[in-house]
Amino acid sequence: MSVNPLSATSNNGKTIASFFEGHPVDSIAQVFFHREAPSSPVCRKYIRITDAHILRFLTGYGRRPVAAEALHAEAATTGQSVASQANLDRVKGWWWLRLLRSLAWRFTPWESSPALVAWLDEFDPQVIFFCGGDANYLYPAVEGWARRFDIPVAFYITDDYVLPISTRSPARLIYRRWTRRVFRRMTRGAGAIFTIGDHMSKVYEARFGFSSVPIMNAVDIGRRTPPQSVAGERVDFVYVGSLHSNRWRVLSDLGSAIQVLRTEGVDCELTVYARDRPTGEAGAGLASSRVTYGGSLGQEEVAQVLARATVAVHVEAFDRESKAVTALSISTKIPEYMAYGVPILAIGPEDVASMLYVRDGGFGRCVTTQDPEDLLSAARDLAQDPEERGRLSARGLELAVINHSSSKVSALVREVLSGLVSRGSGWSAKSGCQARMPAHW
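K.L.:
I'm lost on the overall build of the protein in this one. Help?
P.N.:
When helices and strands are counted, the protein shows 17 helices and 13 strands. Counting the 441 residues in the protein, one finds 53% classified as buried. Of the contacts made within the protein by residues no fewer than 6 positions apart, 74% connect residues no fewer than 24 positions apart. Accessible surface computed for the protein: about 19,800 Å², of which carbon and sulfur atoms make up 51%.

K.L.:
Quick question: what am I supposed to make of a nonpolar patch on the surface here?
P.N.:
Nonpolar side chains collect at one region of the surface, where Leu100, Leu103 and Phe107 lie side by side and expose about 330 Å² of accessible area between them. Locating Leu103 in the fold gives a position in helix 4 (residues 95-106).

K.L.:
How should the side chain of Arg172 be read in this particular structure?
P.N.:
As for its position among the elements, Arg172 is in helix 7 (residues 170-189). Overall, the relative accessible area of 6% leaves Arg172 in the buried class.

K.L.:
Mind showing me how you'd approach the sheet that holds strand 1 (residues 29-32) here?
P.N.:
By way of backbone hydrogen bonds, the strands of a sheet pair with one another, either parallel or antiparallel. The strand order across the open sheet formed by three strands is 1-2-3, and the pairing between neighbours is mixed. Unpaired on one side and paired on the other, strand 1 and strand 3 (69-71) mark the two borders of the sheet. Neighbour to neighbour, the strand axes of the sheet diverge by 20° on average, direction disregarded. Sheet topology note: the strand 2 (residues 45-48)/strand 3 ladder contains three bridges and is antiparallel. Residue pairing for strand 3: Ile47 is matched across the bridge by Ala70.

K.L.:
I tried to follow the nonpolar core on my own but got confused; where do I start?
P.N.:
Generally speaking, nonpolar side chains in soluble globular proteins are found buried as a group. If you look at the biggest cluster of nonpolar residues, it comprises 134 residues, and the most contacted ones within it are Met1, Trp110, Phe130, Tyr204 and Phe237. By residue number, the principal contributor to this core is helix 9 (residues 247-263), which donates seven residues. Sequence-distant contacts of Met1, defined by excluding residues within four places in its chain, comprise Val31, Phe33, Trp110, Ile128, Phe129, Phe130, Cys131, Leu138, Val142 and Trp145.

K.L.:
Would you mind going over the packing of aromatic side chains with me for this structure?
P.N.:
Two measures describe an aromatic ring pair: the distance that separates the ring centres and the angle between the ring planes. In this structure the tally under the stated criterion is 24 aromatic pairs. When the ring of Tyr357 is compared with that of Phe363, the centres are 5.5 Å apart and the planes differ by 70°; the resulting orientation is edge-to-face. The buried category is assigned to Tyr357, whose relative accessible area is 14%. Aromatic ring contacts, followed pair by pair, group Phe130, Tyr139, Phe155, Phe183, Tyr204, Phe208 and Phe210 into a single cluster. When the ring centre of Tyr175 is taken as reference, the NZ or CZ atom of Arg98 above it lies at 5.2 Å. Above the face of the Phe149 ring, Arg148 is positioned so that its terminal group lies 4.9 Å from the ring centre.

K.L.:
For this particular structure, what's the right way to read the pattern of salt bridges?
P.N.:
Should the charged atoms of two oppositely charged side chains come close, the side chains can pair. As enumerated under the stated definition, the model contains 22 salt bridges in all. For Arg380, the salt bridge is made with Glu264, and the minimal N-O distance between the two is 2.8 Å. Of this pair, Arg380 sits in helix 15 (residues 372-384) while Glu264 sits in the loop between helix 9 and strand 9 (268-273), and the two are 116 residues apart along the sequence. Here Arg380 falls in the partly exposed class, since its relative accessible area comes to 24%. With a relative accessible area of 40%, Glu264 lands in the partly exposed category. Note that Arg391 and Glu388 form a salt bridge whose closest N and O atoms lie 2.9 Å from each other. Remark: Glu388 and Arg391 occur in helix 16 (residues 386-403); sequence separation between them is three residues, near one turn of the helix. Each of Arg234, Asp236, Asp267 and Glu269 takes part in one network of salt bridges that share partners.

K.L.:
Which parts of the structure should I look at to understand the sheet that holds strand 4 (residues 128-130)?
P.N.:
With respect to topology, four strands assemble into an open sheet ordered 4-5-6-7, the strand pairing being parallel. This sheet does not close on itself; its edge strands, each paired only once, are strand 4 and strand 7 (213-214). Pairing geometry for strand 4 and strand 5 (residues 153-157), over three bridges, is parallel. Following the sheet pairing, Ile128 is matched in strand 5 by Val153. Sitting on the sheet, helix 6 (residues 139-149) touches strand 4 and strand 5, and the angle it makes with strand 4 is about 170°. Against the sheet, helix 7 contacts strand 4, strand 5 and strand 6 (192-195), and its axis sits at roughly 135° relative to strand 5.

K.L.:
In this structure, what is going on with helix 9? I would like to understand it.
P.N.:
An α-helical turn contains 3.6 residues, so any two residues separated by three or four positions project in the same direction. For helix 9, which comprises 17 residues, the first-to-last C-alpha distance of 25 Å matches the rise-based estimate of 24 Å (1.5 Å per residue) to within 8%. Of the residues making up helix 9, those classed as buried are Arg247, Trp248, Val250, Leu251, Ser252, Leu254, Gly255, Ala257, Ile258 and Leu261.

Cut-offs applied
- Think of each chain on its own: its residues are numbered from 1, step by step along the sequence as written.
- For a predicted model such as this one, the threshold for reporting local features is a pLDDT of at least 70, and the threshold for listing and counting side-chain atom pairs is 80 or more; totals across whole chains, interfaces and linings nevertheless cover every residue.
- Side-chain numbers come from the whole structure's heavy atoms, not from hydrogens or water.
- Think of it this way: any DSSP run of H or I at least four residues long counts as a helix, any run of E at least two long counts as a strand, and we number them from the N terminus.
- Classification of residues uses two cut-offs on accessible area relative to the type maximum, computed with a 1.4 Å probe and protein chains only: under 20% is buried, over 50% is exposed, and between them is partly exposed.
- Throughout, a residue-residue contact means that at least one pair of heavy atoms, one from each residue, lies within 4.5 Å.
- The protein chains shown are the only cover counted for residues, whose accessible areas, like all others here, come from Shrake-Rupley with a 1.4 Å probe.
- The patch calculation keeps residues exceeding 30% relative accessible area without a salt bridge and links them within 9 Å when they carry like charges or within 5 Å when they are nonpolar (Val, Leu, Ile, Met, Phe, Trp, Tyr).
- For this document, the term salt bridge refers to a Lys or Arg side-chain nitrogen within 4 Å of an Asp or Glu carboxyl oxygen.
- Strand pairing is defined by DSSP finding a minimum of two bridges between the two strands.
- Lines fitted to C-alpha atoms define the axes here, with helix axes fitted over just the stretch in contact, and angles between the N-to-C directions of these axes take values from 0 to 180 degrees.
- Definition of nonpolar core: a set of buried residues of the types Ala, Val, Leu, Ile, Met, Phe, Trp, Tyr and Cys, connected through side-chain atoms within 4.5 Å.
- Pairing of aromatic side chains here covers Phe, Tyr and the six-membered ring of Trp, requires ring centres within 6.5 Å, and sorts the geometry by plane angle: under 30 degrees stacked, over 60 edge-to-face, intermediate tilted.
- The criterion for a charge sitting over a ring is simple: Lys NZ or Arg CZ within 6 Å of the ring centre, and within 35 degrees of the ring normal.
- Expected helix span is computed as 1.5 Å times (number of residues minus one).

Given below as structure tokens:
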């Protein structure tokens, strides 16, 4: 159960799908809450409830039960609804609206939708894998279903929405406190907790006292070897990912540095691949730095682009609000860069989890200041030193095999979930999950 559907291309949906590679397809079913269509082959049974279903219920004054939309296996081949997601991105900062939306969900009896209840009864689940993020209205429903079926919950945390932040928005403060309260209840009742990385696990254990199993995005490593770089060749800096949370500002700064390199005679270019063409301030900022927009990519196209890339770019914004969201998270794109043996130029605050991962792993060059000279120096070094690029490529591919192999990660998830089922543990009122990484891992 998660907000986003299992996906072959989209961040969280793609990450979660990677955990279930190799599991029997008919043993997996997903409840999700987004207009995006599923596009992963790991599952055939889907059902969704969206804002539109809630709105129809509310405008009908409750005369009919909340609808739920069951999707057939062929729905897994359809693409996402780009327009609806773009609209959602625009309102993420409207905290009073988000609070009202959550209240509408919380006080609408969607979890007792006849279609949803019948669908769940027919599937008869043995365990719930739940990734709720800050969709605080979903957490009580998960607990209710765990109690109804007397089954355990495995709680997966990808981003931080609960640690204290500084904000001037009363609505955001209320929203975050609500999320923290249901988060704490979930961590006490879940049979196992997964996090997106070691840094998050350590921070949460110190802060909240629960242990957890770190798992990161799993990728198909195959028999890849690091690409060979030679001096004097064209250097293609490539960024694949989203432009929100002020990431576009950092990319614009890099574009300015690359302009300087071109005046020095270095044949190089920065190309950004994102779901939507940047517009407004972001579009103007990237255009002024002569950053090329390469379009939106499907999974096969991502593979083709990374196979040709000279340097892969990862960015985290330096402003306080953006940093608060990403501080404990590992970008889903970093393992893909590693698996293709592409050296990484990582730009962002030094204490953000993704930056720590690149630095400690030794498979990329990190720029942790906003000094244009530091950024220019790092870009110049990578552009002009093929031996260094080769060393970083080999190290990234080595760590990808150790930390991100889809067969290893999915086997770990399967072992933890099977252990919950075999112990017959349901929802628990204990004072904190004690699940840890299995000793032989």
